[in-house]
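For reference, the chains in residue letters:
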Amino acid sequence: MEEFIPLKEGEAGFYGCGPTVYNYAHVGNLRAYVTHDILTRVLRERGYRVNHVMNITDVGHLSGDGDSGEDKMVKSAAERGKSVLEIAELYTRAFFNDTDRMNILRPGTVCRATEHIDDMIGLIKRIEAAGFTYAAGGNLYFDIGRFPRYGDLARLRLEDLKAGARTDLDKNKRNPGDFVLWFTKSRFENQALLWDSPWGRGYPGWHIECSAMSVKYLGEQFDIHAGGIDHVPVHHTNEIAQSEAATGKHPWVRYWVHNEFLVMDREKMSKSAGSFLTLQDLTDQGYDPLDYRYFLTGGHYRSQLQFSWESLEGAKNSRKSLADRIHSLASRAKPAEPAPSSPALRRLSAFNEALDDDLSTPRALAELWGLLKDNAAAPAEILWTVLQMDRILGLRLENALEGGQEQNQEDPALRAEIEGFIVRRAEAKAAGDYERADAIRSELKERGIILEDGKTGTLWRRIESL
Ligand code: AMP
Ligand code: ZN
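Residues numbered from 1 in each chain as written. Chains lettered and ligands numbered in written order. Predicted model: local features only at pLDDT ≥ 70, side-chain atom pairs only at ≥ 80, totals over all residues. Heavy atoms only, no water.

### A word on the overall build of the protein
Threshold: A run of DSSP states H or I qualifies as a helix once it reaches four residues; a run of E qualifies as a strand once it reaches two. Both are numbered from the N-terminal end. Contacts between residues were defined by any pair of non-hydrogen atoms, one from each residue, lying within 4.5 Å. Here the open area of atoms and residues is found with the Shrake-Rupley method and a 1.4 Å probe, where only the protein chains shown may cover a residue.
When helices and strands are tallied, the protein shows 15 helices and 14 strands. Taking all contacts inside the protein whose residues are at least 6 apart in sequence as the whole, residues at least 24 apart take part in 75%. Of the roughly 20,900 Å² of accessible surface on the protein, 48% is carried by carbon and sulfur atoms.

### Let's talk about the coordination of the zinc ion (ligand 2)
Under perfect tetrahedral coordination by four donors, a metal shows angles of 109.5 degrees; under perfect octahedral coordination by six donors, it shows angles of 90 or 180 degrees. Formally: Each metal's donors are the N, O and S atoms within 2.8 Å of it, or within 3.2 Å when it is Na, K or Ca, and because water is not part of the set, sites may look incomplete. Irregular is the label for any site that misses the other tests, which are tetrahedral for four donors with all angles between 85 and 135 degrees, and square planar for four donors or octahedral for six when opposite donors exceed 155 degrees and the remaining angles lie between 65 and 115.
Coordination of the zinc ion (ligand 2) by the protein involves C17 (SG), C210 (SG), H235 (NE2) and E239 (OE), with metal-donor separations of 2.0 to 2.5 Å. For the zinc ion (ligand 2), the 4 donor atoms in the first shell make angles of 70 to 128° at the metal, a pattern classed as irregular. Every donor residue of the zinc ion (ligand 2) comes from the same chain, spaced as C-x192-C-x24-H-x3-E. Here H235 lies in helix α7 (residues 232-247) and C17 lies in the loop between β1 (11-16) and α1 (27-45), a separation of 218 residues in the sequence.

### Remarks on helix α13 (residues 379-393)
What counts is decided by this rule: Here, expected helix span is obtained from the residue count minus one, scaled by 1.5 Å. Buried, partly exposed and exposed residues are distinguished by accessible area as a fraction of the type maximum, computed with a 1.4 Å probe on protein chains only: under 20%, between the cut-offs, and over 50%, respectively.
Its 15 residues give α13 an end-to-end C-alpha distance of 20 Å, which sits within 8% of 21 Å, the value for a rise of 1.5 Å per residue. With 11 of 15 residues buried, α13 lies mostly within the body of the structure. Considered for burial, the residues of α13 that qualify are A380, E381, I382, L383, W384, T385, V386, M389, D390, I392 and L393. A positive phi of about 65° marks G394, the residue just after α13.

### Some thoughts on the sheet that holds β1
Strands pair in a sheet through their backbones, by hydrogen bonds, and they do so in one of two ways: parallel or antiparallel. Spelled out, the test is: A pair of strands counts as paired when DSSP detects no fewer than two bridges linking them. Inter-axis angles, ranging from 0 to 180 degrees, are taken between N-to-C directions of lines fitted to C-alpha atoms, where helices are fitted over the stretch in contact.
A sheet is described by the order of its strands in space; here 5 strands give the open sequence β3-β2-β1-β8-β9, paired in parallel fashion. Each end of this open sheet is capped by a strand with a single partner; those strands are β3 (109-112) and β9 (253-259). Averaged over all neighbouring strand pairs, the angle between strand axes comes to 20°, with direction disregarded. By the bridge criterion, 6 bridges tie β1 to strand β2 (residues 49-56) in an arrangement that is parallel. Each residue of the ladder has a partner; that of G16, found in β2, is M54. In the packing of α1 onto the sheet, the strands contacted are β1, β2, β8 (222-228) and β9, and the crossing angle to β2 comes to about 160°. Against the sheet, helix α6 (residues 208-218) touches β1, β2, β3 and β8, its axis set at about 150° to β2.

### Considering the confidence of the model for the protein
Note the threshold: Each residue carries a pLDDT score, the predictor's own confidence in it, on a scale running from 0 to 100.
When the pLDDT values of the protein are averaged, the result is 90; 89% of them are 70 or greater. Considering only residues more than four positions removed or in separate chains, one finds that residues 404-410, a stretch of pLDDT under 50, has 11 contacts.

### Re empty space enclosed by the protein
Once rolled over the atoms, a probe with the size of a water molecule shows which space is left empty. So the rule is basically this: Grid points spaced at 1 Å over the protein atoms alone were grouped into cavities, where a 1.4 Å probe fits but cannot get out, and pockets, open sets with protein on both sides within 12 Å along at least five of seven lines, with lining residues defined by an atom within 4 Å of a point. Grid points are joined across faces, edges and corners, and a volume is the space filled by probe spheres set on the points. For this classification, the nonpolar set comprises Ala, Val, Leu, Ile, Met, Phe, Trp, Tyr, Cys and Pro, the charged set comprises Asp, Glu, Lys and Arg, and every other residue, Gly included, is treated as polar. Throughout the structure description, domain borders are defined by an automatic or database domain assignment.
One pass over the structure, following the stated rule, counts 4 cavities of 30 Å³ or more. Estimates place the volume of the largest cavity at around 130 Å³. Those elements that provide at least two residues to the lining of the largest cavity are α1 and α9 (289-297). In terms of residue class, the lining of the largest cavity is made up of 5 nonpolar, 5 polar and 1 charged. A domain-level breakdown of the lining of the largest cavity finds at least three residues from each of domain 1 (11-259) and domain 2 (268-401).

In structure tokens form, the structure reads like this:
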């Protein structure tokens with residue numbers, strides 16, 4: 001446990017690794033983004049101006065994190081008979097549709113890998129000038145032997161890396177842990193996106209995008225970097241090596257936040273293995289996206305969390321009784337700020353202490369329940385405090401103040417519905433079914449919603465605001 005001390009007073013620079021958009025996010029991925037969301041919300045509530053940056057991986061991510069396997073985007077596009085950019089557009093939109101429905105606030109900066117190739121080339125040039133690279137077999141590699149701190153984050157030892165080397169390894173590598181910065185001799189003849197570079201026409205390795213974009217938007221050193229626990233031994237280890245080799249500054253990142261996995265039947269849920277649940281699968285079974293958010297909040301981000309339909313059902317029931325209690329209090333009182341040293345404020349302090357203690361959402365949730373059951377607290381003060389707590393929990397508890405949880409939700413619900421239409425239209429377009437795509441556009445128009453296709457995707461607005 002460490003105290004958070006930002007580089008610049010009052011500010012928090014935060015980079016969270018974003019999705020690889022070759023398929024829908026699975027509910028395990030969404031655990032990572034809820035963790036990032038809780039972290040940003042806590043920092044904001046503590047008065048920091050949070051500069052939250054998230055990348056969208058639309059190039060270069062192979063199915064094995066260490067330069068092995070197939071290119072995820074290329075494979076998905078080939079399977080669906082579409083271009084890589086069409087696939088990226090479709091699943092990026094689907095991703096934000098999911099995160100919006102889970103009340104995950106959008107990062108201030110969302111950056112696509114394919115729009116930052118120049119930044120990546122620029123950073124690779126610096127790594128090369130500092131002497132950390134070699135060319136072999138047409139690719140440019142990072143030489144981990146030249147970087148003594150390599151593997152410190154994961155406590156990896158070079159000897160173990162060598163001993164653990166697999167036989168199918170890339171023969172061009174001097175060290176099994178070396179990794180590709182730039183591919184020119186494509187491993188994949190069908191690689192669709194290629195760019196010119198000082199090392200030849202090709203495409204970037206996966207890790208360089210996060211180094212290049214975080215340095216661009218947050219500076220050569222910044223406060224917090226987050227991602228799933230699987231990123232510790234390879235992706236984040238390589239990001240550190242690249243960034244510190246390029247800038248000569250250490251530490252590149254001051255604090256790392258890694259969420260544990262959501263597991264199903266004791267196995268990690270995985271997009272590339274093809275067996276996973278999406279948020280849509282949960283809503284198809286009658287669960288609200290916020291039931292799933294509540295379920296995730298019940299676990300500590302650094303502990304594995306077992307998914308089961310029974311526990312999701314439990315979360316749904318708990319969220320319902322939470323809303324019922326709030327609703328019944330609201331029929332008797334209006335939210336009012338508690339008097340100093342009132343029981344409600346004591347609960348709020350305990351709630352905040354729990355979150356300041358390594359984001360303990362389970363304890364925070366227990367404080368929320370304690371508050372709602374606290375007979376010594378005045379209803380008006382309970383309601384006010386609940387709303388304060390929900391600024392971090394993000395369960396949209398304000399909807400329960402009037403008419404129970406399903407009402408007074410027109411805006412978020414409408415937004416989610418329109419986003420759903422846009423995803424289906426993009427799917428129809430990707431499948432070549434333009435008739436259906438146009439039908440969806442017309443249906444929305446009849447309801448007063450105009451769609452506009454732009455470079456970064458489809459936006460919508462109401463006709464009356466024309
Ligand atoms: P990806 O889209 O595969 O690049 O992964 C997006 C994020 O989800 C990364 O931060 C991963 O570490 C994280 N992640 C992947 N699988 C899981 C899981 N089963 N539980 C929690 N987080 C995960
Ligand atoms: Zn990353």
